[in-house]
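Breakdown of the fold
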Amino acid sequence: MSTKVDEDRDLEHDDLDDAEDLDGTEDAEDAEDFEDEADLEEGDVEDDPPDDGDDTPARGRFFSPRRISVALGVVAALLVGTGAWALIAAANLRDSPAARNSALVDTGATAEVSASVSNALNQIFSYSYDKTDVTDKAAKEVLRGDALTTYDKLFAEVRDKAPEQKLVLTTRVVYSAVQSLEGDRAQLFVFLDQSATRVDTNTTSAAAAQLSITAKKEGERWVITDMSPR
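Keep in mind that what you see is a predicted model, and the values were worked out from it rather than measured.

1. A few points about the sheet that holds strand 5 (residues 221-229)
Adjacent strands of a sheet pair through backbone hydrogen bonds, lying either parallel or antiparallel. Pairing is antiparallel across the open sheet formed by five strands, whose spatial order is 1-2-3-4-5. Each end of this open sheet is capped by a strand with a single partner; those strands are strand 1 (127-128) and strand 5. Looking at chain direction, strand 4 (residues 203-218) and strand 5 are connected through eight bridges and run antiparallel. When the sheet's bridge partners are listed, Ser-212 is paired in strand 5 with Ser-228. Helix 5 (residues 107-124) rests against strand 2 (167-182), strand 3 (185-198), strand 4 and strand 5 of the sheet, and its axis sits at about 155 degrees to strand 2. The sheet strands contacting helix 7 (residues 145-165) are strand 1, strand 2, strand 3 and strand 5, and the helix crosses strand 5 at an angle near 75 degrees.

Right under this line is the structure:
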């Protein structure tokens, strides 16, 4: 017959066994969870993208000797093309009208034609009613072609009226611009101031004129071949 003490001892043993079983179960579950987590971490490592160092073969292919040689060939072709273009542009510039225009670069020749034309205009547009022959002679020395023809028509009226009006005309070129100078040909633009005095009435009037001039060189002097008002 069991005593109460024995029953209590048996209950204590049963509780102890249950606790051990529970601990064993929890330890097994913890071990399984740990293994699952380890497997997951290993899978993550395998799925990670490769490091930058892994693309070395791709960069090697991009900078391959063949690609580099092709690129250098293209650069060389561009340089050759650019050089050829520069040579052609320089030749065109040398052959352009601006390059042939000595008025832009030859200051000595420009000053020479400007002075010659200015002196000629001062002479042929200045006269005295009692010395028209002097002016007429000067015109024949410095005018040619259409310029001389036009001047002769105008000066014919001066010869008729100047003695009657006792007219004295003084002309002075105040500005002369050589627009082009190519070889023995020149184009000029001039401003003239004119002062006309009537001796019989002692009255004076002033006027201004603008002329386009074409000149050419004959020997050592410049002559005017065409002139027209502006």
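2. Let's talk about the packing of aromatic side chains
Describing an aromatic ring pair means giving the distance of the ring centres and the angle of the ring planes. Counted according to the given criterion, the structure contains five aromatic pairs. Taking 5.8 Å as the distance between ring centres and 80 degrees as the angle between the ring planes, the aromatic pair formed by Tyr-127 and Phe-155 counts as edge-to-face. Of this pair, Tyr-127 sits in strand 1 while Phe-155 sits in helix 7, and the two are 28 residues apart along the sequence. Considering the side-chain rings of Tyr-151 and Phe-155, the 5.4 Å spacing of their centres and the 15 degrees angle between planes classify their relative orientation as stacked. One end of the pair is Tyr-151 and the other is Phe-155, both in helix 7 and four residues apart, which spans about a single turn. For Phe-155, a relative accessible area of 3% gives the class buried. One aromatic cluster in this structure is built from Phe-125, Tyr-127, Tyr-151 and Phe-155.

Conventions adopted
Going along each chain's sequence as written, the residues are numbered from 1 onward. pLDDT decides what is reported in this predicted model: residues at 70 or higher carry local features, side-chain atom pairs at 80 or more are listed and counted, and totals for whole chains, interfaces and linings draw on all residues regardless. Side-chain descriptors were evaluated using all non-hydrogen atoms of the structure, hydrogens and water having been removed beforehand. In short, DSSP must find at least two bridges between two strands for them to pair. For the purposes of this entry, the term helix denotes a DSSP run of H or I that reaches at least four residues, the term strand denotes a run of E that reaches at least two, and both are numbered from the N terminus. Contact definition: two residues touch when any of their heavy atoms are within 4.5 Å. Lines fitted to C-alpha atoms define the axes, with helix axes restricted to the stretch in contact, and inter-axis angles between N-to-C directions lie between 0 and 180 degrees. Stacked, edge-to-face and tilted are the three classes for Phe, Tyr and Trp ring pairs, Trp counted by its six-membered ring, which pair at centre distances within 6.5 Å; planes under 30 degrees apart are stacked, over 60 edge-to-face, the rest tilted. Throughout this description, buried means an accessible area under 20% of the type-specific maximum (1.4 Å probe, protein chains only), exposed means over 50%, and partly exposed covers the range between.

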